[in-house]
Amino acid sequence: MKTAPLLKKINNCVSSIEKQPVNIFCLGCAIKVPLKKTLLPALKTLQHSASLTGVNIDLGHDAYVFNASKPVGISRNVYPSCRKNGFAASVASDIKRCGANSAVLLTSFMPPAEQSNIENAISGFYRNIPPDNKPFRIGKGHTIQISKVPSQEFILADYIISSPGDLCCAVNHDTIVTVDFNLRHCHWLNVLISFNNALNDLHALGIYKDISLFPVYDVSNKRDKNDIQESFATYINGFKRYNLRLTDCGPLNLGLECIGTSVSGFTDREPPRISGLIPEQVLIITRPIGDLSALVWYILETTRGRPAARMRELKTRVLNHMARSNIGIAEIIASYLPPRGKPFIPEKHITASKDISGEGLGALEDMALFSKVDIHLETLRLHASETAKIQVRNNTANTNGAIVIAAHRKLAPRIMRDIKKTGSTPWIAGWVGNPSRSPKIYLKRSLREYPFLRKRPYDIFNRFVFT
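Scope of this entry: the structure provided in the associated data block.

How each quantity is defined
- Residues numbered from 1 in each chain as written.
- Predicted model: local features only at pLDDT ≥ 70, side-chain atom pairs only at ≥ 80, totals over all residues.
- Heavy atoms only, no water.
- Axes fitted to C-alpha atoms, helices over the stretch in contact; angles between N-to-C directions.
- Helix = DSSP H or I, 4+ residues; strand = E, 2+ residues; numbered from the N terminus.
- Parallel < 35°, antiparallel > 145°, perpendicular 65-115°, else oblique.
- Contact = heavy atoms within 4.5 Å.
- Nonpolar A, V, L, I, M, F, W, Y, C, P; charged D, E, K, R; others polar.
- Buried < 20%, exposed > 50% of the residue type's maximum accessible area, 1.4 Å probe, protein only.
- Left-handed = near helix turned anticlockwise from the far one by under 90°.
- Pairing = 2+ DSSP bridges.

At a minimum axis distance of 8 Å, the contact between helix α5 (residues 188-203) and helix α8 (residues 309-323) shows a crossing angle of 50°. Regarding the angle of α5 to α8, the classification is oblique. Side by side, α5 and α8 meet where Leu189, Leu192, Ile193 and Asn196 of the first sit next to Leu319, Met322 and Ala323 of the second. Taken together, the residues of the contact of α5 with α8 sort by class into six nonpolar, one polar and no charged.

What follows is the structure in structure tokens.
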């Protein structure tokens, strides 16, 4: 959908749905299990124990990346997550039936999800993988907290059916409840943003070709199901140039409200690495950040009886950012990547990139740790300065957020010009420092003007120093 018509449609939508919020905690990526505090420690523990059984839990890219030939298929099964008894033997028979050697998982728990819950559920899954299908790889997938009762806790396994090849394939999954407190999960705008959000991890790798979507959704009535399925066709029609494909596997039938999708795509280029940062590169971020804090601030001001035209404009602008696909930026990234099997040339290529949706600026720390370099953060561009004052888990978090791109200083201006042609507003957040065995994020002292960085920097970074 073109930018101007989409913005007008979103503005009309904002004007027509205003009412008191129902659930302030279900906004966008806020339903994720906290990454640094809970999920990553659990996955790192599982990674070691699983490796002893011939199972590899991939903690590299947010998307699961592997070599393959076209096509790649998905076989889906949903298992109730019983904390005491683990999973039924059907896991083994399902894997044998489809012949898969890898999977991407969506796991849902009742909030707050404990680290032990995650470890028990995923270990219960991989212990049932049959020996004939090992070595077996599990992609990072997605771990959320939307289950309301124990019977709604589940693991959804999208088994990947592929053949060896010379192309790079990536599979990712993201699921949300809603991007706006006033939007039902089946609303067209919510469906559109949730799909863009899942695809963003692929787009950050420069993948925009041969994309397939396998939606995950649940409803409590037939009307919601019809609304969601109608949005599927609308979404695909908006990408005719790219020939996206969608396979509807049907609702989960668990009585939940959620919408998301697994996605797969191919590239004949070398994808940029999370470990690809090189000293002296600059860090380009493709648009303003802090989507979720902007929407929370809007709600807080509205419920206090202080609505204003500026706030309405802010909400419309933020939703418009979230509703716009980054597939055009994926094309730009791909144009600065070497062909498969060829080396990266820093003066010509984008060597590292990452989606910074749920983690916000915390994603920079991941890149620093994998690359073994320091990062110097000098500027910050939020949607509105007021959003730096409110207390949320992460004031820089987003849904279908910006992409961070690392590029040589001489190459960066050209990349930024290309990005601006897509209608985005890129900015330079900082630069890559020296190699380090214990990387840190060096925050420019002037960033202390942002209250959340002055008072709660540990909400975003574990390793940082103000300079």
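Along the chain, Ser293 turns up in helix α7 (residues 291-303). Here Ser293 falls in the buried class, since its relative accessible area comes to 0%.

Helix packing for two helices is described by the angle between their axes and how far apart those axes are. Two elements in contact, helix α2 (residues 35-51) and helix α4 (residues 115-126), have axes whose closest approach is 9 Å; the angle formed by their N-to-C orientations is 35°. The two elements α2 and α4 cross, and the hand of that crossing is right-handed. Side by side, α2 and α4 meet where Thr38, Leu39, Pro41, Ala42, Leu43, Thr45, Leu46, Ser49 and Ala50 of the first sit next to Gln115, Ile118, Glu119, Ile122, Ser123 and Tyr126 of the second.

Two strands pair when backbone bridges link them, and strand β9 (residues 282-285) and strand β13 (residues 427-435) are joined in this way by four bridges, in the antiparallel orientation. Across the sheet, the residue bridging to Val282 is Trp431, located in β13. Bridge count between strand β11 (residues 373-377) and β13: four bridges; the pairing is antiparallel. Its bridge partner lying in β13, Ile375 is registered against Val432.

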